[in-house]
Structures are given as structure tokens and as C-alpha cells.
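# Overview (structure and organization)
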Amino acid sequence: MCGIVAYVGPRDAQPILLDALSRLEYRGYDSAGLAILNGKGVEVRKKSGRIQELASACQKKPVQGRIGISHTRWATHGGATDINAHPHLDATGRLALVHNGVVENYLELKAKLAKAGHKFISETDTEILAHLVGDAFASSKAQGEERLVEAVRNAIKQVQGTLGIAVIHSDLPGLVVGARRGSPLVIGIGDGENFLASDTQALAPYTNRVVILQDQEVVALKAERYDIASPLGVRSDIKVEEIENGVTASDKGSYPHYMLKEIFEQVSSIQNAFRGRLDHDGATAKLGGLNLPSEELRRIERIAILGCGTALHAGMVGKYLIETLAKIPVETHHSSEFRYGDSPTSPHTLFFAVSQSGETADTLGALREAQRRGFPCLGVCNNVASTIARQSNGGVYMHSGPEIGVAATKSFTSQVAIFTLLGLLLGRLHTLSASAGHEILQSIESLPEKIGQALSHSDEIKKVAQKYAKTKSMLFLGRLANFPIAMEGALKMKEITYIHAEGYPSAELKHGVIALIDKETPTVLIATQDGVYDKNLGSLQEIKARSGRVIAVAHESDAKIKGLADDILPVPETHPLLQPLLNVIPLQLISYHVAVVLGRDVDKPRNLAKSVTVE
Ligand code: M6R
């Protein structure tokens, strides 16, 4: 987590740092700070809270200077306070450092430094890193700018963990040193000015020319040049990439929150996920980005899907789709568990790493582990320039457009759309008939309209939300492909309303969860008419028999369930395999409306960040 921006050039650094930093707020938003070389020394401003708090502090007391570093934080070590906010200074107060990552051996390093007389004012691991670099600078024999580069290189050798850092020193007023190990850093190349940032989004208004720093590299960044070196030597084959600009935080338009806008955007984002990928002649799908010819796809015996949070839920729906359509066994893994676990892998397995941001550290780690074991791993990402998109051996882009709300919504339906296409493609390479393929293609084409229909119930859902907003705990139940939809509904409810919610397969109710049922604990039951509809009605009766209230996700036309459930979240009917894509929409909407009733910060819920770039 955390976002870093550094600037060196002829312009005033403060407004550039604040503006670029605000584009990284999705990476963390509990405190922010900047340090600028003002001609006399390092001047720092830091504030707990949003970047806006920092901007106000800087407006009251501006910092003048043409070189600086800045940071938006998601706390790992130490609370979200002014003091713990980055940048941190070394013992001399002449060196400032910002950090994205975790220093795992910070206690050991802290004890060593304390023994040597260092005093610390924050509770962070980053302050230790600043002191380490400061010490290495003091003892370095190198001259000029190489002295800071060498100090950074020597200091990070002592660190275990991940880091992306930017450092300035008042003795070297034209230099920013950046280093990367695990946490992404991008150099932005301007005209007589240069930038360093956690990702390209921060740089969009300033330059579209970037160099991606590789792992273990250190960069010496000046206004007119940049030099990159790794422990293996200086990088000479530097590839400057041109990125698509303008992909920045779109505005909310007439919507009060990004989340609501993004929920409503699903009518078009789903079209973008399917666009150009439907092959009517072959009754199949085209996914060129997989980079695998049909013969190789046919040889796949198993699929493994890696992801976290919502992305994993999409993978779980994907498992159902692929197993049903292509009869290929699919395993899903929490990225964090796969990365360090011993789960056996079978030969001829194709891996998928699913990630909206493409920067989730756990998923990146899991992808690398799969590759290390010799498996190809494809990405399903939204962010085209992301680390996961680059690291994977091919993949499928979601084309959802920027998702700003921390709660993932449109990215989920796009991910499920991609797995639908994959299931169709693999199914048609095996036993799925052309008529079954055509039926799916036709249903896909009518999906945008049906999504629009599901969204048209937003006001009704708002009324249901008002009724249940004061609840302390909720259950979400669904079966088969609607089980991950229940999990996704519960996750949305938890993260933006702070109401405790759990998602379970409906039939698990009687194996323990039923003990929670009473008048105060409502259950959202996904009960659209499918092969397990009657079974779901059985669960509904069991809940009602224990005085529980039931909110049913049901087909608009289902009169029977209206007489049984307390409230209905209506959805239109579609092909049974596509139904989960519609069923999730009222769950997104009910969480959204409950959060609004409760006055929550919908787009930036507490304790979270859009992109989780630390383990
Ligand atoms: O960017 P990613 O898709 O890799 O993010 C994965 C999760 O962190 C993310 O889906 C998270 O669970 C969302 N906040 C859920 O709304």
C-alpha cells in the first residue's frame, strides 16, 4: 500500500506533489506528507487524515522548492498520526525518506541503531530505514551524488521485506534517489524535469513517457537525467514506454459517490468486457491475449485461479462456469495462502491471476510462485500498465475503465464476464455443442439490457436498505455459483457499512450458522429459479420457522417467493449460467444504500485502501 511521488525540475514542487499524490489516494488514505528541499534544508509537512488535510496545511504554510518527495499512507506499523506519517528524517534531519512496503526485521535494526545512540520519534518501520540510510551516508567514502546512491544501496542490503523508497538529502539539492524491491516504482520523464511515482496514474497530467523500475534497481533522478543500476550493474538498455494518458480519476458526474456511478456503469463495462470477443460463426469466444493456440488450450487438464477479496469471488464463479461448460477441474486459491502454502500442483495446469488493480502484493507473489514452479500464469487485470499485467505470460484485460470506489463492483462483473468467455472457449474445444454455445452468446448480448433492468430497482432496494440499516449482523446465503455471490454480497456489506456479515452456501445453515438466526439477524437469500430453487425455499422456511427475517434475491416474476420472504430484491431472468452476474447487482445496491443511510464514507471506507500493495 501507500503511494509515493517525487519531483525534480524547474517548477514549484509543492503543487505538483499534492496533485500527483491525490491520484494515488486509492493506495491508502490515513495520512499524508511531503518533504521539499527549500535551499536551506529539508522542510516537512505531514498530516493524519486525507491528502486534503495535507493540502490545507500546505496552503496555510507553503513550502518553496523545486525538488521534493511525498507519500500517502496506509498504516502498517504505528497508528495513523501526524508523527507516523511519512516522510521520515534521519538522525541529522538533513535526509528525508518515504517508503511503500514493510521492513520485516525493523525491531532488530531498531535495537542495533538505538544501541548506537539513535533516537526515534515515530512507531514506524520507515523511520528506522531513514536512519539506516542516514548512517550509511555519513560513513560513505563516495563523493557527490554517488554518496547517496551508495548509502541507499548499502542500507537496503540490511533490510528484509519489501520496499519502494524515495530519498532526498539537503547536501545534494538536485537529486532524488529511488529504490525498488517488491513495491512498484515508475520514473516519469518530463521536459527538463523528472518524476518518480508508485504508478503511472499519478503522472498522467505531467508525462506519458515512463520507465518501469525493475526489482532490485536503484535510480538517481535529476531534472535532466536519470541513471538506473541494479546490483548487476548499470542498466543501459533502458526502454522508455509511452502510456495512455487521461486514464485518471473520472469525475462522479451526477452521482453522489463513485461507487454508485460504477454500479450503474456496469451496463457499459460488461459490454466492454465482451466487445470483440464473441465468435458467432464458431459459437465460441475469442481471447487472443491468452497467447495459446487451440491445440495447447485443448491440452489443459486443470485450471488454478489466484485472487484476493472480490477478485477471488469472481474466480469462484469462474470455477463453476468453467467446470460446467468445459468439464475441466478448477481450483481457486486465496493468493496469500497459495504463495506460502504447500498445495500440490498438477501438470498441465493453467494459472490465472485475477486483479483489478494488477498491483495486489499477495496476488503478484502467488503469480510469481506459480511461475517459479514452471507454470504459465495469465493475468485478468483492469490496469493495463500494472505489475501483474506485465509479469504474467499473457491474459485478458477487463476494459472496465477506472474503478475509484474502494468497494469493487464493475470490476467483479467484468471478471465474471471473462471467465464466462473462457468457459465457453474451452467448452467448445471439448464437448459443448454449437447450439449450447449460441444460446450463451445470445444471452450475453442481452445482458447489458438486463443489467439496466436490475439497476432500475435501485429505489425499491433503497427502501429495503432503510428498513434494515440498523441491524448489527447479517447472513448471505446462496448455492452453487450463487455461493460466491453471497460471499461477495457479505464482503460489500462489511466493507462499506461496517455491519458484520457472512456469506455461506445455503445448505450450510443447518450445520451451525442457524444458531445465529433470530429477529435481529436478517438473511439475504439468493433464490432465483434454478436447479436448487426448491432447496433454497427449504432454507427460507427454516429461517422463518426461527423468527428470522429473509430478504430474497428473486426473479421479478416469482410470485411464490413474494408470499414467503419479508422483502424482495428483484432481478430479471437470464441464462442460468449468467444469472450470478445479475444477482450480484442488488447486493451491491443494498450495501451502498445501507452505507448512505448510516452516513459512511462510501468511496473510502475506514481502514481500507483500493489497492493492497503490501502483504
Ligand atoms: O485489485 P485487486 O482486484 O487485486 O484487489 C483485490 C482485493 O483487495 C479487492 O477486491 C478488495 O477485496 C475490494 N475492496 C473488495 O471490494
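Residues numbered from 1 in each chain as written. Predicted model: local features only at pLDDT ≥ 70, side-chain atom pairs only at ≥ 80, totals over all residues. Heavy atoms only, no water.

### Some words on the overall build of the chain
Under the convention used in this document: Starting at the N terminus, helices and strands are each numbered in turn, a helix being any DSSP run of H or I of at least four residues and a strand any DSSP run of E of at least two. A radius of gyration in this sense is built from C-alpha atoms; the matching globule rule multiplies 2.2 Å by the number of residues raised to 0.38. Classification of residues uses two cut-offs on accessible area relative to the type maximum, computed with a 1.4 Å probe and protein chains only: under 20% is buried, over 50% is exposed, and between them is partly exposed. To measure how exposed things are, a 1.4 Å probe is used in the Shrake-Rupley method; for residues, cover is taken only from the protein chains shown. Counted as positive: Lys and Arg. Counted as negative: Asp and Glu. His and the chain ends are not counted at all. Working definition for charges: the position is that of NZ of Lys, CZ of Arg, CG of Asp or CD of Glu.
When you go through the chain residue by residue, the secondary structure sums to 19 helices and 27 strands. Relative to the 2.2 N^0.38 estimate, which gives 25 Å for 615 residues, the radius of gyration of the chain is 26 Å and therefore close to what a compact globule would have. By the burial criterion, 59% of the 615 residues in the chain qualify as buried. In the structure as shown, the chain presents an accessible area of about 23500 Å², 50% of it carried by carbon and sulfur atoms. Here the chain carries 66 positive and 67 negative side-chain charges, and the mean point of each set is 3 Å from the other.

### What about empty space enclosed by the protein?
The following threshold applies: Using protein atoms alone on a 1 Å grid, points that fit a 1.4 Å probe yet trap it form a cavity, whereas open point sets bounded by protein on both sides within 12 Å along at least five of seven lines form a pocket; residues with an atom within 4 Å of a point count as lining. Grid points are joined across faces, edges and corners, and a volume is the space filled by probe spheres set on the points. In this classification, Asp, Glu, Lys and Arg are treated as charged, Ala, Val, Leu, Ile, Met, Phe, Trp, Tyr, Cys and Pro as nonpolar, and every other residue, Gly included, as polar.
For the structure shown, the criterion picks out one cavity of 30 Å³ or more. Taken as a whole, the largest cavity spans an internal volume of roughly 80 Å³. Secondary-structure elements contributing two or more residues to the lining of the largest cavity are strand E6 (95-103) and helix H4 (125-139). Classifying every residue of the lining of the largest cavity by side-chain character gives five nonpolar, seven polar and two charged.

### What about the sheet that holds strand E2 (residues 31-37)?
Selection rule: When DSSP locates at least two bridges between a pair of strands, those strands are taken to pair. Throughout, a contact is declared for two residues whenever any of their heavy atoms are within 4.5 Å. The axes used here are C-alpha line fits, helices contributing only the stretch in contact, and every angle between their N-to-C directions lies in the interval 0 to 180 degrees.
Pairing within the open sheet is antiparallel, and its eight strands lie in the order E3-E2-E4-E1-E10-E9-E11-E15. Looking at strand neighbours, the two that pair on one side only are strand E3 (42-48) and strand E15 (241-242), the edges of this open sheet. Two elements, strand E11 (residues 209-212) and E15, share two bridges in a ladder whose sense is antiparallel. Each bridged residue has a counterpart across the sheet, and for valine 210 the counterpart in E15 is glutamate 241. Docked against the sheet, helix H2 (residues 51-60) engages E2, E3 and strand E4 (67-73), running at close to 135° with respect to E3.

### Some points on the domain arrangement of the chain
Here is the rule we go by: Source of the domain bounds: an automatic or database domain assignment. Two parts placed together each lose some accessible area under a 1.4 Å probe, and the buried area is that loss summed for both. We define a salt bridge as a side-chain nitrogen of Lys or Arg found within 4 Å of a carboxyl oxygen belonging to Asp or Glu. As used in this structure description, the phrase polar contact means that two N or O atoms lie within 3.5 Å; if the pair is within protein, one of them must be able to donate a hydrogen and the other to accept it, and residues adjacent in sequence are counted only when both atoms belong to side chains.
For the chain, the assigned domains are domain 1 (3-242), domain 2 (251-445) and domain 3 (456-615). Averaged C-alpha coordinates put domain 2 and domain 3 at centres separated by 24 Å. Taken together, the 43 residues of domain 2 in the interface contact 36 residues of domain 3. Each partner contributes to the roughly 3200 Å² buried at the junction of domain 2 and domain 3, and carbon and sulfur atoms together form 69% of this total. On inspection of domain 2 and its partner domain 3, the count reaches two salt bridges. One salt bridge in this structure joins glutamate 615 and arginine 339, with 3.4 Å as the shortest N-O distance. Where domain 2 packs against domain 3, one counts 16 residue pairs in polar contact (both at pLDDT 80 or more).

### Here's the deal with the packing of helix H14 (residues 434-455) against helix H19 (residues 579-597)
Heads up, the rule is: Oblique is the label for any angle not under 35 degrees, not over 145, and not in the 65 to 115 range, which are roughly parallel, roughly antiparallel and roughly perpendicular in turn. When the near helix sits turned anticlockwise from the far one by under a right angle, the crossing is termed left-handed; a clockwise turn instead gives a right-handed crossing.
Where H14 contacts H19, the two axes come as close as 9 Å, and the packing angle between them is 30°. It follows that H14 is roughly parallel to H19 by the angle criterion. Judged by the twist between their axes, the crossing of H14 over H19 is right-handed. Contacts from Leu447, Lys450, Ile451, Ala454 and Leu455 in H14 reach Leu581, Leu582, Ile585 and Leu589 in H19. Tallied by class, the residues present in the contact of H14 with H19 amount to eight nonpolar, no polar and one charged.

### Concerning the sheet that holds strand E12 (residues 218-221)
Read from one edge to the other, the open sheet built from seven strands follows the order E5-E6-E7-E8-E12-E13-E14, with strand pairing classed as antiparallel. Edge strands, defined here as strands with exactly one partner in the open sheet, are strand E5 (88-89) and strand E14 (233-234). Bridge count between E12 and strand E13 (residues 226-230): four bridges; the pairing is antiparallel. Note on E13: the bridge partner recorded for valine 218 is alanine 229.

### Points about the pattern of salt bridges
Per the counting criterion, the structure on display carries 27 salt bridges. The salt bridge involving arginine 45 is made with glutamate 43; its shortest N-O contact spans 2.7 Å. Each of Lys261, Glu265 and Lys410 takes part in a single network of salt bridges with overlapping partners.

### Observations concerning the environment of histidine 500
Within the fold, histidine 500 resides in strand E24 (residues 500-505). With a relative accessible area of 37%, histidine 500 lands in the partly exposed category. Each C-alpha atom of the pair histidine 500 and glycine 79 lies 23 Å from the other, and the pair is 421 residues apart in sequence. Leave out the neighbours within four places in its chain, and histidine 500 touches Lys472, Ser473 and Met474.

### Remarks on the site of the ligand
Definition in use: For this purpose, a residue is taken to be near a molecule or strand whenever a single non-hydrogen atom of the residue falls within 4 Å of it. Molecules are considered to sit inside a cavity or pocket once more than half of their atoms lie within 2 Å of its grid points.
As a matter of local geometry, the ligand sits amid 14 residues, with Ser355, Gln356, Ser357, Thr360 and Glu495 nearest to it. One of the backbone N or O atoms of glutamine 356 is found 2.7 Å from an oxygen atom in the ligand. Within the side chain of glutamate 495, a nitrogen or oxygen atom sits 2.3 Å from an oxygen atom of the ligand. Coverage of the ligand by the protein amounts to 90% of the 410 Å² it exposes when considered alone. Of the pockets mapped on this structure, the ligand occupies the second largest pocket. Split by residue class, the shell around the ligand holds six nonpolar, six polar and two charged.

### What about H2?
Going by this rule: Think of the arc as the fan of directions from the helix axis to the C-beta atoms.
Among the residues of H2, those classed as buried are Ile51, Leu54, Ala55, Ala57 and Cys58. Axial view of H2: buried residues confined to an arc of 160°, hence all on one face. Facing away from the buried side of H2, by more than 90 degrees, are the exposed residues Gln52, Gln59 and Lys60. Packing partners of the buried residues in H2 comprise helix H1 (13-22), E2, E3 and E4.

### Here we look at H4
Because an α-helix packs 3.6 residues into every turn, residues spaced three or four apart end up facing the same way. Inclusion rule: One less than the number of residues in a helix, times 1.5 Å, gives the span that helix is expected to have.
Here H4 is 15 residues long and its end C-alpha atoms lie 22 Å apart, about the 21 Å a rise of 1.5 Å per residue gives. Buried within H4 we find Asp125, Thr126, Glu127, Ile128, Leu129, Ala130, His131, Leu132, Val133, Gly134, Ala136 and Phe137. Buried residues along H4 sit in contact with E5, E6, helix H3 (106-115), helix H5 (145-157) and strand E7 (161-169). Where H4 starts, the residue carrying a side-chain oxygen 3.1 Å from the main-chain nitrogen of glutamate 127 turns out to be threonine 124.

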